[in-house]
Amino acid sequence: MDTLLLSRLQFAVTTWFHYLFVPLTLGLSFLVAILETAYVRTGDEEYKTATKFFGKLFLINFAIGIVTGITLEFQFGTNWSQYSKFVGDIFGSLLAVEATVAFFLESTFIGVWFFGWKKLSPKLHCGAIWIVAIASNISAFWIIVANAWMQHPVGYVMRNGRAELADFFAVITQKFAILEYVHTVGGAWLLGGFFVLGISAWHIARGSHVSIFRKSFKVAAIWTLVFCVFEMFQGHLNAEILGTAQPTKLAAMESHWNTANDVPMYLIAWPDEKNETNAIEALPIPGLMSFLVHYNPHGQVQGLKAVPKQDRPPVLATFLSFRLMVALGILLFWVALWAFWKRKEIEGQPLLLKILPWMIPVPYLANQIGWTLAEVGRQPWIVYGLMRTEHGVSKIDAVQVASSLGAFFLVYSLLGAVDFYLIWTYARKGPLPETLPTTSNTGKA
Amino acid sequence: MLETIWFSIWGVAWAVYFMLDGFDLGMGTLYPFLTRTDTEKRIFINAIGPFWDGNEVWLITAGGVTFAAFPLAYATMFSGLYTPLMMLLFALILRGVAFEFRGKVDSVGWRKVWDFCIVFGSFVPALLLGVAFANLFAGIPVDKEGINHGNLLTLLNPYGLVGGVFFVVMFLHHGALWLVAKTRDTLQIRAAQAASKLWVVTLLVAVAFLVHTWFATRLWQNLLTRPVFLALPLLAVVGLVASRVFLLKGRFWPAWGASSLFIVMATLFGVAGMFPNIIASSLDPAASVTAFNAASSPLTLKIMLGVVLVFLPVVIAYQTWVYVHFSDPVTEKSLSEGPSY
């Protein structure tokens, strides 16, 4: 294997791994903040117990999310130095803004929150977790703006053999970036919701600390449904903008080969990349794809054949990840609706209580393949239309990359296993005795 | 002018990073040797508890500043120092999770694993950063394409190794002083004894490093062209001496502050001595990456200057607040009363 392939593999592995932890940070931070706010406003100690319980899981997850993020920043320089030279003027600044504006804030206040239970007034302490939640999500904004610029470069001029900044405001406010950001955090927030729902359901089903977990369940049920609905409707806008911003990605997502009008959407399809057609096409909904792009069932949609073969992304991977993401999103919506519907009588819903813990991995998978779609669908470009991926890689020895990739596999699998083991153990253990309210009935119901 | 300003910000970001992460890297290397029981270990670890994460962001910022202001330097440095940077990364990853994981399972073996990760993950970055910076001071064999013709062993030349040892002992001393300020009773006495011994070692290694710098680099010659910058090494010496004086007088926070001054000034001495080189090429001076040939566009430099001027003071303000607010000593009692690792 050569440096290019190894570097791509390494970036994929380290990004996937990093993104196993990021969405929970983005989503759960708000839920913990809401639970603590409920405690501060009502004085109900059970909310405090719930805050500490989910806060502990949050911290176990947070630690690994932070340290694996450093890997990604370093890799642009270590493995993608040609890319870094080419885009540093814009892309590098966005990363630097992220560190200055947001990363400092979340990393500093996470310590304040964890160590400050006794040292700060309840209001100030609650403020600390809100700062962590908001800062994490602002941090995500700058990262997404940087990624959106790779997907859809704007506000630049080509000068001195590199892309130089021409309009900072255009870069940070472009529609592509805003949509990508909203869709990413939406997915992360509903993941946080399912995490709390699943764990609360697990405890309620076993009659452990029911009155505490009923509270967290209710908060999460509302939260999760809101963002499931939001994510579906908002997601449509992301597909729509691809029609103009990345038509090739859109065509690959739908495995749509020939530019045409009145394009249907096939409920069942399977791409055949070699013969540039679909091996299977069944159950068409007439004009739907044209409609989704143009709000007009007769509109023209560009097909994959409009660009030469070497400028197309891998069709099967793009197509499958899109389909799977949408299917999982719909599944999540129905489960969220169910949980919302029964949130007030949740103890009497054994089936729902049994299903919900099993749902926790689903939004994880949806988040991962959503990113896979965004990144694989961008290929063969590292910066869409400006720089091909193979031109971005560092001129370094493949042995170095192979060694680091091996080390990442080893260290990351061990750390991932330990981290999920700890989350699993502490999630099942329930609130620690010393965090329980002294007065209310929190024993077996 | 913009390039010079950004070169200064770049240097200051590294200096602040070494000053802040320096004491927690030093503590992380030192604590098993100064403690006997698990409670003692936890007291030392919790002494850096609320701070280390925010400190490490200065590394991200220093990296980010390099990327944003000097993309060519970022690309050359990070790809050229691939293996040491990956080692640094793995060390920091293991260390970061170790703090969180260590207390989560009640087993001696479990804690030993994470104690090892903290020590390994603290010692290796200190050493590698020292080796890397000494090599940057002396120059590395990069060609005009920005490709490094050396490898890990070329970096481990005598001057690089002295630089590595210098960083390690400087951070150990800094960490010991932090522990003196943050603990009480037996542990404080032990930390003070360690700090006292480490001061002597630091002094000797610092002198060796400075002398070696005269022969191995052009730092001194470069500084002598602008003698006002000789204030930097002078202030470093003042800081190192003052840390000793304050420690003997029992004024522990000022002792740590003086050590901070020492680290900052020692770093700035090196950085100022490099100017305008960021990566001096030992093959061909024309291949050197400088603040001028590596800089971003004036527009980016201006916008980023605005961002830094607005937000860094805010960062410094709230980090200072955290340092002040969490400055009281960690003891067995405080561990049992409040949240802790």
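Here the structure is a predicted model, which means the values were calculated and not measured.

(A) Broad picture of the overall build of chain A. Scanning chain A for helices and strands turns up 15 helices and six strands. Over its C-alpha trace chain A gives a radius of gyration of 23 Å, about what one expects of a compact globule, namely 22 Å for 445 residues. Expressed as lengths along the three principal axes of its C-alpha atoms, the size of chain A is roughly 70 × 50 × 40 Å. Counting every position in chain A, which comprises 445 residues, the buried fraction comes to 54%. Considering only residue pairs separated by 6 or more positions, chain A has 77% of its internal contacts joining residues 24 or more positions apart.

(B) Main features of the nonpolar core. If you look at the biggest cluster of nonpolar residues, it comprises 271 residues, and the most contacted ones within it are Leu31, Leu35, Phe54 and Val145 of chain A together with Ala176 and Ala195 of chain B. It is helix H4 (residues 81-115) of chain A that provides the largest number of residues to this core, a total of 20 residues.

(C) Inspection of the environment of Gly65 of chain A at higher detail. Relative to the elements of secondary structure, Gly65 of chain A occurs in helix H3 (residues 45-78). Remark: the alpha-carbon pair of Gly65 of chain A and Leu24 of chain A, spanning 41 residues in sequence, is separated by 9.2 Å.

(D) Up close: the confidence of the model for chain A. In the predicted model, chain A carries a mean pLDDT of 93, and 98% of its residues have values of at least 70. Overall, residues 440-445 of chain A carries pLDDT values under 50, and its contacts beyond four positions in sequence, including any with other chains, amount to 14 contacts.

(E) Highlighting the packing of helix H2 (residues 22-42) of chain A against H3 of chain A. Residues and elements named next belong to chain A. For the pair H2 and H3, the least separation of the axes is 9 Å and the interaxial angle reads 155°. The orientation of H2 relative to H3 falls into the category roughly antiparallel. Our pair here, H2 against H3, has a crossing hand that is left-handed. In this structure, H2 contributes Val22, Leu24, Thr25, Leu28, Ser29, Leu31, Val32, Leu35, Glu36, Ala38, Tyr39 and Thr42 to the contact, and H3 contributes Tyr47, Lys48, Ala50, Thr51, Phe54, Gly55, Phe58, Asn61, Phe62 and Gly65. Looking at the contact of H2 with H3 residue by residue, the class counts come to 13 nonpolar, seven polar and two charged.

(F) Inspection of unusual backbone geometry at higher detail. With an omega of 5°, the peptide bond running from Gln379 of chain A to Pro380 of chain A counts as cis. Note that Pro380 of chain A resides in the loop between helix H13 (361-376) and strand S5 (381-383). Between Phe275 of chain B and Pro276 of chain B the backbone carries a cis peptide bond, its omega angle lying at 0°. For Pro276 of chain B, the location among the structural elements is in the loop between helix H12 (252-274) and strand S1 (277-279). Of note in the backbone geometry, Tyr295 of chain A takes a positive phi value of approximately 55° without being a glycine. Considering the arrangement of structural elements, one finds Tyr295 of chain A in the loop between helix H10 (288-294) and helix H11 (315-341).

(G) Spotlight on helix H11 (residues 231-249) of chain B. Residues and elements named next belong to chain B. A rise of 1.5 Å per residue sets the reference length of H11, with its 19 residues, at 27 Å; its end C-alpha atoms lie 26 Å apart and thus fit the reference within 8%. Within H11, the full set of buried residues consists of Pro233, Ala236, Leu240, Ser243 and Leu247. Buried residues of H11, seen end-on, are gathered within an arc of 75° and therefore sit on one face of the element. Turned more than 90 degrees away from the buried face of H11 sit Leu234, Val245, Leu248 and Lys249, all of them exposed. Where the residues of H11 are buried, they touch helix H8 (158-182), helix H9 (185-216) and H12. Once H11 finishes, Gly250 follows within two positions and takes phi at roughly 80°, a positive value.

(H) How the structure looks around the interface of chain A and chain B. The partner chain B presents 53 residues to the 51 residues of chain A that form the contact. Tallying contributions element by element places H4 of chain A first for the side of chain A that touches chain B, with 22 residues. Here the side of chain A that touches chain B is composed, by residue class, of 28 nonpolar, 16 polar and seven charged.

(I) Focus on the pairing of strand S4 (residues 277-285) of chain A. Residues and elements named next belong to chain A. Bridging between strand S3 (residues 265-272) and S4 involves seven bridges; their strand directions are antiparallel. Paired with Trp270 across the bridge in S4 is Ile280. In this antiparallel pair of consecutive strands, S3 and S4, the connection spans four residues, and Glu276 shows a positive phi of 50°.

Cut-offs and rules
- Residues numbered from 1 in each chain as written.
- Chains lettered and ligands numbered in written order.
- Predicted model: local features only at pLDDT ≥ 70, side-chain atom pairs only at ≥ 80, totals over all residues.
- Helix = DSSP H or I, 4+ residues; strand = E, 2+ residues; numbered from the N terminus.
- Rg over C-alpha atoms; globule rule 2.2 N^0.38 Å.
- Buried ≥ 20, exposed ≤ 12 C-beta atoms within 10 Å, placed from the backbone.
- Contact = placed C-beta atoms within 7 Å.
- Core = buried A, V, L, I, M, F, W, Y, C linked by C-beta atoms within 7 Å.
- pLDDT = per-residue confidence, 0-100.
- Axes fitted to C-alpha atoms, helices over the stretch in contact; angles between N-to-C directions.
- Parallel < 35°, antiparallel > 145°, perpendicular 65-115°, else oblique.
- Left-handed = near helix turned anticlockwise from the far one by under 90°.
- Nonpolar A, V, L, I, M, F, W, Y, C, P; charged D, E, K, R; others polar.
- Expected span 1.5 Å × (residues − 1).
- Arc of directions from axis to C-beta.
- Pairing = 2+ DSSP bridges.

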